[in-house]
Amino acid sequence: MEISSFLLPKDQVSYITTSISMLEAMEQLEQHYYSAIPIIDEAGKYVGTLSEGDLLWKLKNTDGLSFENMRQVTISEIQRHVHNESVEIHAQMEDMLTLAADQNFVPVVDGSGVFLGIIRRKDIIEYYTRNITD
C-alpha cells in the first residue's frame, strides 16, 4: 500500500521555516503540544526536524543566551541532534516501518525534496494493527 493514503497534508501540519527565531519555534512547539516539528527552507524543501531537546541544548551551550534574547537566534543556527529521515510520496508502507520506530512522524516529500506533509506513527501502528487482527 502506498503511503499517500495516510498522508496528513502540509496545509494540516504545523511546520517551521529555517528563517524564524528560536523563540518563535519554541512558541510553535508549545502552542501545538509537539515535542518535534518539521523544518522547511524558503523553497519549501524539507531540511530536518527540530526537537525540544535541540532548543534546550542550544540554550545550555550558548553563553549569554536566555529567554530574553532567543529572538536573535534563527533556526538555521541550531544544531539538530537527531536526523528524521523523510520518504518520497510513492514509498510503500513497509518502507516506513524502520523510520516510524524511531520517529513520532515521518516527513513525506516529492521527488525534488519538497515537503508534502507527514505520516504519523500512530496511523502506521493502527494500519498494521488492523491488518494483523483481520
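Our subject is the structure that appears above.
Just so you know, the residues in each chain are numbered from 1, in the order the chain's sequence is written. With the structure being a predicted model, the display of local features is reserved for residues of pLDDT at least 70 and the display and counting of side-chain atom pairs for 80 or more, all residues being used for whole-chain, interface and lining totals. Excluding hydrogens and water, the side-chain figures rest on all heavy atoms present in the structure.

Peer 1: Where do I start with the pattern of salt bridges in this structure?
Peer 2: Side-chain pairs of opposite charge can arise whenever the charged atoms involved come near each other. Salt bridges, as used here, are contacts in which a Lys or Arg side-chain nitrogen is within 4 Å of a carboxyl oxygen on Asp or Glu. For the structure on display, the rule yields 1 salt bridge. Residue Asp123 pairs with Arg120 through a salt bridge whose shortest N-O separation is 3.0 Å.

Peer 1: Explanation requested: the sheet that holds strand β7 (residues 115-120) in the structure shown.
Peer 2: A sheet is described by the order of its strands in space; here 4 strands give the open sequence β1-β7-β6-β5, paired in mixed fashion. A strand with exactly one partner marks an edge of an open sheet, and here the two such strands are β1 (8-9) and β5 (87-88). Two residues qualify as a contact provided that any one of their heavy atoms is within 4.5 Å of a heavy atom in the partner residue. Every angle, taken between N-to-C directions, lies between 0 and 180 degrees, and every axis is a line fitted to C-alpha atoms, over only the stretch in contact when it is a helix. Helix and strand assignments come from DSSP, with helices taken as H or I runs of at least 4 residues and strands as E runs of at least 2, each series counted from the N terminus. Sheet strands in contact with helix α3 (residues 93-102) are β5, β6 (105-109) and β7, and its direction is about 135 degrees off that of β6. Pairing between strands requires that DSSP locate at least two bridges from one strand to the other.

Peer 1: Just to check I follow, could you spell out the side chain of Asn84 for this structure?
Peer 2: As for its placement among the helices and strands, Asn84 is situated in the loop between α2 (52-61) and β5. The buried label applies to any residue whose accessible area, calculated with a 1.4 Å probe on protein chains only, is under 20% of its type's maximum; exposed applies above 50%, and partly exposed to all values in between. With relative accessibility at 9%, the residue Asn84 sits in the buried group. In this structure Asn84 touches Tyr46, Thr49, Gln103 and Phe105, once residues within four positions along its chain are discounted.

Peer 1: Sorry, what's going on with the pairing of β7 here?
Peer 2: Pairing between β1 and β7: 2 bridges, direction antiparallel. Bridge assignment links Pro9 to a residue of β7, and that residue is Gly117. Across 5 bridges, the pairing between β6 and β7 is antiparallel. Looking across to β7, one finds that Pro107 is bridged to Ile118. Hairpin connection, β6 to β7: the antiparallel pair is bridged by 5 residues, and Gly113 has positive phi, about 90 degrees.

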